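Each chain, written out:
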Amino acid sequence: MTAIALNTFREAIRDRVLYLLLFFAVVLILASRVVSMLTVGSEEKIIKDMGLAAIGLFGVLMAVLIGVSLVFKEIEKRTAQVLLARPIPRWHFLAGKFGGLAMVLALNCLLLTAALYAVLLARGDPDPGLLPAIGLLYVEQLVVTAVALLFSSFSSPILSCVFTLSVYAVGHLSWSFLILKERLPAGAGRLLCDVLYYALPNLDRFDIKGRVVHHLPVPAPELALAVVYGAGWTVVLLTLACGVFARRDFS
Amino acid sequence: MTSQQTQAPREQAPGPQALALTRVSKSFRAHLWLRAAPVLRGLSLAVAPGTIHGLLGPNGAGKTTTIRIALALVRPDSGEARIFGKPVSDPRARIRVGFLPENPYFYDYLTGREFLDLSARLAGNPGTGGGSAGGSRASARAARAGEVERLLRAVGMAGRAGIPLRRCSKGMVQRIGMAQALLGEPDLIILDEPMSGLDPIGRREIRDLILEQRKAGKTVFFSSHILQDAEMICDRVSIIDRGMLVAEGSLDSLLAGEIRSWEVAVSTPGGSGVPAALEELGKGLPGRWEVVSRSAEECLLRVRAEEDLDELIRAACASGSRVRVVVPFRETLEDLFLRRIGREDRERRA
């Protein structure tokens, strides 16, 4: 499994897409310094907002774009056959792929965090309070990666991309199912809202960007719970993906 | 041997077979709304340890599906596959197996050496430093590197192993593929069309490597549609067509009984070409013998039936010619292949 993870990491870091995304993310973070000059009195806030948004957005893009093609590409090019003919259980293959992409995303987070802190340091405000928000963005990216892997274990990259981005969008709006539920009469509609709310990961739990930028308190138990919630969803999604993958024919 | 006869389970050698497929069937559905098309229909095969076993058949016969089922890459609809007695679904069964796919395509961003190192780590054989190897990490890494270099030398890629695979020729990729199949000294080596697309030198090298494996006591099971290669190296062959076994056995037993034709060299008196008596005989037996070549001193004749041979020899002697040599020509694997596949075709049409 470690060998597959390291190989996936090696594949990603030899891929130009990664550098393209990294380049744009760094440009966006550096541009936040310019944009902040256009505002009065809240330059640091703009830099932090844009920096955290870049870390979140480009991380998710990376998780989706690389995640949906990870398994599909191996099946299409038949490179998976050589690996799966080895004495490894199939779930090792998927877990290795996930591990490799998790390493890539961690590297991406580290580099972008370094770029953001370099800009903040130049302004004299390297606020360590941003780190929990970055940590949760990383957890969110892991959940999105697991969603991408689940879809890519049985569908094409384009469909997987659409499905994963849909789950990402709905995952950030899942609070609206609870509001909608309150406005519906008792019955099937309410039940459906409940099902949708609990059947999809609530990705808003990983979004504390606004609070850390405004120095609002984020209790440690809430942070810990969000991490456990993310880990739980990741395990469930990966287990489903492994179940689908184990039944596939590689013809 | 009819297909019905060959579908029955065959005699078992003592101890488990290197590979045994028992009444394996598999269908594939091209689309959800289409009916599943059968690819394998109750196929049974047994590959004895220490032999080179060829799986032959025309395109679309089910060779690649058979191999994928043997490696648990495809799950059969019914029947089972075992490697040295263990079901192939158990990953431990594959510890003793090396595999080279058809038209191999490996991670093209890796160099040959990096790819072999990755394969060695997954091989699960202590000899390669992979899987549950004992000892320190450093010693495992050293063992792995040693094994990789040994195989790179064996396939003639030692000097070119640092080139990314995307820049390697088909022949070079095939050699790297062969090396990864031999990692960890597997007892059963499964090769899917290993000679396909190679030039004569490449084919010769792959053949030599396969023969070396048999000398080392390994079992080689390979599919091919290049019958000449199979005939040169196989101990046993299985011929399949449309997912069914149509012939199986050792090459000796399959080809020994059938004499296809005889060639008779007749020296003619006074360099007169085909003697008149033979010309007369030829008119009496139209299409039953033919002149292969002729010169002033000798002509070479071919007959297909034993009774015609007797008659030809008698006529030659009567004409004052001397029969210098009679050579029986046995059936080649290609003849057998075409005959069996053709017969199956005719039976199906009937």
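Everything here concerns the structure above.
**A closer look at the overall build of chain A**
Here is step 1: When helices and strands are counted, chain A shows eleven helices and zero strands.
Here is step 2: Listed N to C, the secondary structure of chain A is α-α-α-α-α-α-α-α-α-α-α in terms of helices and strands.
Here is step 3: Expected size for 251 residues packed as a compact globule is a radius of gyration near 18 Å; at 20 Å, chain A falls within 12% of this value.
Here is step 4: Reported as C-alpha extents along the three principal axes, the dimensions of chain A are approximately 60 × 55 × 30 Å.

**Considering the overall build of chain B**
Here is step 1: Across its full length, chain B carries eleven helices and 14 strands.
Here is step 2: Counting across all 350 residues of chain B, residues that qualify as buried make up 50%.
Here is step 3: Counting contacts in chain B only where the partners sit at least 6 residues apart, residues at least 24 apart contribute 70% of the total.

**Regarding the side chain of Arg68(B)**
Here is step 1: For Arg68(B), the position within the fold is in helix α2 (residues 63–70).
Here is step 2: With no salt bridge to any partner, buried Arg68(B) finds its closest opposite charge in Asp192(B), at an N-O distance of 5.4 Å.
Here is step 3: For Arg68(B), the residues in contact, after removing those within four places along its chain, are Arg78(A), Gln81(A), Phe250(A), Ser251(A), Leu73(B) and Val74(B).

**Some thoughts on the pairing of strand β11 (residues 259–267) of chain B**
Residue and element names in this part refer to chain B.
Here is step 1: Counting buried positions along β11 gives seven out of nine residues, so the element sits mostly inside the fold.
Here is step 2: As defined by bridge partners, β11 adjoins strand β14 (residues 322–330) across eight bridges and the pair is classed as antiparallel. By the bridge assignment for β14, Val264 is matched with Val326.
Here is step 3: Pairing of β11 with strand β13 (residues 298–303), which is carried by six bridges, proceeds in the antiparallel orientation. Paired with Val266 across the two strands is Cys299, which belongs to β13.

**Notes on the pattern of salt bridges**
Residues and elements named next belong to chain A.
Here is step 1: Inspection of the entire model under this criterion finds 29 salt bridges over all chains.
Here is step 2: Among the ionic pairs, Lys45 bridges to Asp49, the shortest N-O distance being 2.8 Å. Of this pair, Lys45 and Asp49 both sit in helix α3 (residues 43–76), four residues apart, roughly one helical turn.
Here is step 3: Take Lys45: its relative accessible area is 29%, and that puts it in the partly exposed class.
Here is step 4: Salt bridges here are not isolated pairs; linked through shared partners, they connect Glu11, Lys73, Glu74 and Lys97.

**Digging into the interface of chain B and chain A**
Here is step 1: Listed per partner, the contact involves 32 residues of chain B and 28 residues of chain A.
Here is step 2: Here chain B meets chain A over a buried area of about 2,800 Å², counting both sides, of which 53% is carbon and sulfur.
Here is step 3: Of all residues in chain B, the largest losses of buried area upon contact with chain A belong to Leu73(B), Tyr109(B) and Leu122(B), amounting jointly to 26% of the total for that side.
Here is step 4: Inspection of the chain B/chain A interface yields three salt bridges.
Here is step 5: A salt bridge links Glu114(B) to Arg14(A); its shortest N-O distance comes to 3.2 Å.
Here is step 6: Our count for the chain B to chain A interface comes out at 17 residue pairs in polar contact (both at pLDDT 80 or more).
Here is step 7: Looking at the side of chain B that touches chain A, the elements that each hand over two or more residues are β1 (19–28), β6 (97–100), α3 (112–122) and α5 (170–181) of chain B.

**Some points on the sheet that holds β6(B)**
Residue and element names in this part refer to chain B.
Here is step 1: Sheet architecture is open: six strands sit in the order β6-β7-β8-β3-β9-β10, paired in mixed fashion. Two strands lie at the open edges of the sheet, namely β6 and β10 (244–250), each paired on one side alone. Across the sheet, the mean angle separating the axes of adjacent strands is 15 degrees when strand polarity is ignored.
Here is step 2: Where strand β3 (residues 52–56) and strand β8 (residues 219–224) come together, five bridges link them in parallel fashion. Residue His53 lies in a different strand from β8, and its bridge partner there is Phe221.
Here is step 3: With respect to the sheet, α2 is in contact with β3, β6, β7 (188–192), β8 and β9 (236–241), its orientation differing from that of β7 by roughly 145 degrees.

**Structural notes on the pairing of strand β4 (residues 78–83) of chain B**
Residues and elements named next belong to chain B.
Here is step 1: As judged from the five bridges shared by β1 and β4, these two strands associate in the antiparallel manner. Within β4, the position partnered with Leu19 by the bridge is Ile83.
Here is step 2: The pairing of β4 with strand β5 (residues 86–87) spans two bridges and is antiparallel. Residue pairing for β5: Ile83 is matched across the bridge by Lys86.
Here is step 3: If you look at the hairpin formed by β4 and β5, you'll find two residues sitting between the two strands, and Phe84 has a positive phi there, around 45 degrees.

**Comments concerning helix α11 (residues 220–247) of chain A**
Here is step 1: Between its first and last C-alpha, α11(A) extends 41 Å over 28 residues, near the 40 Å set by a 1.5 Å rise per residue.
Here is step 2: Taken residue by residue, α11(A) has Ala226(A), Gly230(A), Trp233(A), Thr234(A), Leu237(A), Leu238(A), Ala241(A), Cys242(A) and Phe245(A) as its buried positions.

**Some remarks on the sheet that holds strand β12 (residues 289–294) of chain B**
All names here are of chain B.
Here is step 1: Taken together, four strands build an open sheet; the order of strands is β12-β13-β11-β14 and the sheet is antiparallel. For this open sheet the edge positions go to β12 and β14, each flanked by a neighbour on one side alone. Averaged over all pairs of adjacent strands, the angle between strand axes in this sheet comes to 25 degrees, irrespective of strand direction.

**Focus: the environment of Leu40(B)**
Residue and element names in this part refer to chain B.
Here is step 1: Mapped onto the elements of the fold, Leu40 is located in strand β2 (residues 37–47).
Here is step 2: Expressed as a C-alpha distance, the spacing of Leu40 and Thr65, which sit 25 residues apart in the sequence, is 7.8 Å.
Here is step 3: Residues contacting Leu40, with those up to four places away along its chain left out, are Val24, Ser25, Lys26, Gly62, Thr65, Thr66, Ile69 and Gly243.

**Looking at the side chain of Asn202(A)**
Residues and elements named next belong to chain A.
Here is step 1: Turning to its location among the elements, Asn202 is positioned in the loop between α9 (188–199) and α10 (209–213).
Here is step 2: Take Asn202: its relative accessible area is 9%, and that puts it in the buried class.
Here is step 3: When near neighbours in sequence (up to four residues on either side) are disregarded, Asn202 contacts Gly171, Ser174, Tyr197 and Tyr229.

**Regarding the packing of aromatic side chains**
Here is step 1: Summed over the entire model, instances satisfying the criterion amount to ten aromatic pairs over all chains.
Here is step 2: Measuring from centroid to centroid gives 5.4 Å for Phe93(A) and Phe245(A), while their planes differ by 5 degrees, and the two rings are stacked. Linking Phe93(A) in helix α5 (residues 90–123) with Phe245(A) in helix α11, this pair joins segments that are 152 residues apart in sequence.
Here is step 3: According to the relative accessible area criterion, Phe93(A) is buried, its value standing at 0%.
Here is step 4: With a relative accessible area of 0%, Phe245(A) lands in the buried category.
Here is step 5: Centre to centre, the rings of Phe151(A) and Phe154(A) are 6.1 Å apart; their planes meet at 65 degrees, and the pair counts as edge-to-face.
Here is step 6: What makes Phe154(A) partly exposed here is its relative accessible area of 48%.
Here is step 7: One cation-aromatic arrangement involves Arg205(A) over Tyr229(A); the distance from NZ or CZ to the ring centre is 4.5 Å.
Here is step 8: The ring of Phe84(B) has Arg96(B) sitting right over it, with the charged end atom 3.7 Å from the ring centre.

About the criteria used
Residues numbered from 1 in each chain as written. Chains lettered and ligands numbered in written order. Predicted model: local features only at pLDDT ≥ 70, side-chain atom pairs only at ≥ 80, totals over all residues. Heavy atoms only, no water. Helix = DSSP H or I, 4+ residues; strand = E, 2+ residues; numbered from the N terminus. Rg over C-alpha atoms; globule rule 2.2 N^0.38 Å. Buried < 20%, exposed > 50% of the residue type's maximum accessible area, 1.4 Å probe, protein only. Contact = heavy atoms within 4.5 Å. Lys, Arg positive; Asp, Glu negative; His and termini not counted. Salt bridge = Lys/Arg side-chain N within 4 Å of Asp/Glu carboxyl O. Pairing = 2+ DSSP bridges. Buried area = accessible area lost by both parts, 1.4 Å probe. Polar contact = N/O pair within 3.5 Å; in protein donor to acceptor, adjacent residues only side chain to side chain. Axes fitted to C-alpha atoms, helices over the stretch in contact; angles between N-to-C directions. Expected span 1.5 Å × (residues − 1). Phe/Tyr/Trp six-rings, centres within 6.5 Å; stacked < 30°, edge-to-face > 60°. Lys NZ or Arg CZ within 6 Å of the ring centre and 35° of its normal.

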